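The primary structure of each chain is shown beneath.
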Amino acid sequence: MAGPGGAGDAGDVLSGGSERRCRARLAAGGAGGAAAAAAVLVPLCSVRGRPALLFTLRSRRLAGPHSGDVSFPGGRRDPADGDAVATALRETREELGVAVAATSVWGQLRTLPDRHGMTVAPVVANLGPLEALTLNPNPDEVEEVFTLPLTRLLREENQGYTHFRTASGYRYTLPVFLNGPHKVWGLTAIITELTLELLVPGRYRRKTHVPPQKAPG
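Sequence order as written defines residue numbering, which begins from 1 separately in each chain. Selection of residues for local features in this predicted model requires a pLDDT of at least 70, selection of side-chain atom pairs for listing and counting requires 80 or more, and totals for whole chains, interfaces and linings are taken over all residues. Here the side-chain values reflect all heavy atoms present in the structure, with hydrogen atoms and water set aside.

A. Main features of the overall build of the chain. In DSSP terms, a helix is any run of H or I states spanning at least four residues, a strand is any run of E spanning at least two, and both are numbered starting from the N terminus. The helix and strand tally for the chain stands at 4 helices and 10 strands. The order of α-helices and β-strands along the chain, N terminus first, is α-β-β-β-β-α-β-β-β-β-α-β-β-α. Each of the 217 residues in the chain was classed as buried or not, and the buried ones make up 46%. Partitioning the contacts of the chain with sequence separation of at least 6, the portion at a separation of at least 24 is 64%. Computed by Shrake-Rupley with a 1.4 Å probe, the accessible areas treat only the displayed protein chains as cover when residues are assessed. Accessible surface, the chain: about 10,900 Å² in total, of which carbon and sulfur atoms supply 52%. Relative accessibility decides the category of a residue: with a 1.4 Å probe and only protein chains considered, values under 20% of the type maximum give buried, values over 50% give exposed, and everything between is partly exposed. Two residues qualify as a contact provided that any one of their heavy atoms is within 4.5 Å of a heavy atom in the partner residue.

Set out below in structure tokens:
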């Protein structure tokens, strides 16, 4: 799968050179995340040598609007958390039983609002080969863990979008990733889109379109 290398080669996204490029880009973005109300970990990994993203299906035992959703491990910031990275690593440990080292964190994507207005900081980290990990999902929080190879996410036939229109006439478009074990949509799809743009710039065509809202007259 690995080609000659470079930013556009999906097979090399977990290489040392790609990591350095992504770390530099994330650092230049200046996403602090200190004010975010929640954080998620965006877990890069490899499955039989193929770069992939790891997702969870939230347990239907959970109360609230996110029950049964595809998501990344994460949750609300705890008062004891020093920053968004601490929140993402703690939540990953609680949900998946995996202690991710801070040195595995590449950086943070820009903070985003969820559909209820809560700000979420996506933290990108490389878990390494999935075969070397022992996952112990908490059944009260996680119903299923699955991975999607980057090559699958980058195929146009697996990419879609949904148009939305509010009562006020405000229109916007959000991405959807199809043909996997579960449909990836909502905030998780937006974060996936940002991650693909980070890892393989030029290989993914953005689906998200949120026009600026007009100020009330």
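B. How the structure looks around the pattern of salt bridges. Take a side-chain nitrogen of Lys or Arg and a carboxyl oxygen of Asp or Glu: if they are within 4 Å of each other, that pair is a salt bridge. Summed over all chains, the structure comprises 6 salt bridges. The closest approach of N and O atoms between Arg23 and Glu19, which form a salt bridge, is 2.8 Å. Taken as a pair, Arg23 and Glu19 lie in helix H1 (residues 16-29) at a separation of 4 residues, close to a single helical turn. When its relative accessible area of 22% is taken as the criterion, Glu19 is described as partly exposed. Ionic pairing is found between Glu91 and Arg90, a salt bridge with its closest N-O pair at 3.3 Å. Note on accessibility: Glu91 and Arg90 belong to one class, buried.

C. Quick look at the pairing of strand E1 (residues 38-47). E1 sits mainly inside the fold: 10 of its 10 residues count as buried. Paired strands, in this sense, are two strands between which DSSP finds at least two bridges. Bridge count for E1 against strand E4 (residues 74-76) is 3 bridges, and the pairing is antiparallel. Paired with Val40 across the two strands is Gly74, which belongs to E4. Bridge count for E1 against strand E7 (residues 119-129) is 8 bridges, and the pairing is parallel.

D. Here's a closer look at the packing of aromatic side chains. Pairing of aromatic side chains requires ring centres within 6.5 Å, counting the rings of Phe and Tyr and the six-membered ring of Trp. Pairs whose planes differ by under 30 degrees are stacked, by over 60 edge-to-face, and all others tilted. Inspection of every chain in the model, using the stated rule, returns 4 aromatic pairs. Pairing Phe164 with Tyr172 gives two aromatic rings, centres 5.0 Å apart and planes at 15°, and the pair type is stacked. For Phe164, a relative accessible area of 33% gives the class partly exposed. Put simply, the rings of Phe55, Phe72 and Phe146 pair up and form one aromatic cluster.

E. Main features of the confidence of the model for the chain. Values of pLDDT, ranging from 0 to 100, describe the predictor's confidence in every residue of the model. Mean pLDDT over the chain: 88, with 88% of residues reaching 70 or higher. Across residues 1-8 the pLDDT falls below 50, and counting only partners more than four positions away or on other chains, this stretch makes 21 contacts in the model.

F. Up close: helix H2 (residues 84-96). Any helix carries an expected span of 1.5 Å times its number of residues minus one. With 13 residues, H2 extends 18 Å from end C-alpha to end C-alpha; this agrees with the ideal 18 Å at 1.5 Å per step. Among the residues of H2, Ala84, Thr87, Ala88, Leu89, Arg90, Glu91, Thr92, Glu95 and Leu96 are the ones counted as buried. Packed against the buried residues of H2 are E1, strand E2 (50-58), E4, strand E5 (105-108), E7 and strand E8 (142-149). Positive phi shows up at Gly97, right after H2, with a value of about 70°.

G. Local environment of the pairing of E7. Most of E7 is tucked away: 9 of the 11 residues are buried. Direction of pairing for E5 relative to E7: antiparallel, over a ladder of 3 bridges. In the sheet register, Gln108 faces E7, and the bridge partner there is Val123. Pairing analysis gives 2 bridges linking strand E6 (residues 112-113) to E7, with the strands arranged antiparallel. When the bridges of E7 are listed, Pro113 appears paired with Thr119. Between E6 and E7, which pair antiparallel and follow one another directly, the connecting turn spans 5 residues, one of which, Gly117, has a positive phi of 90°.

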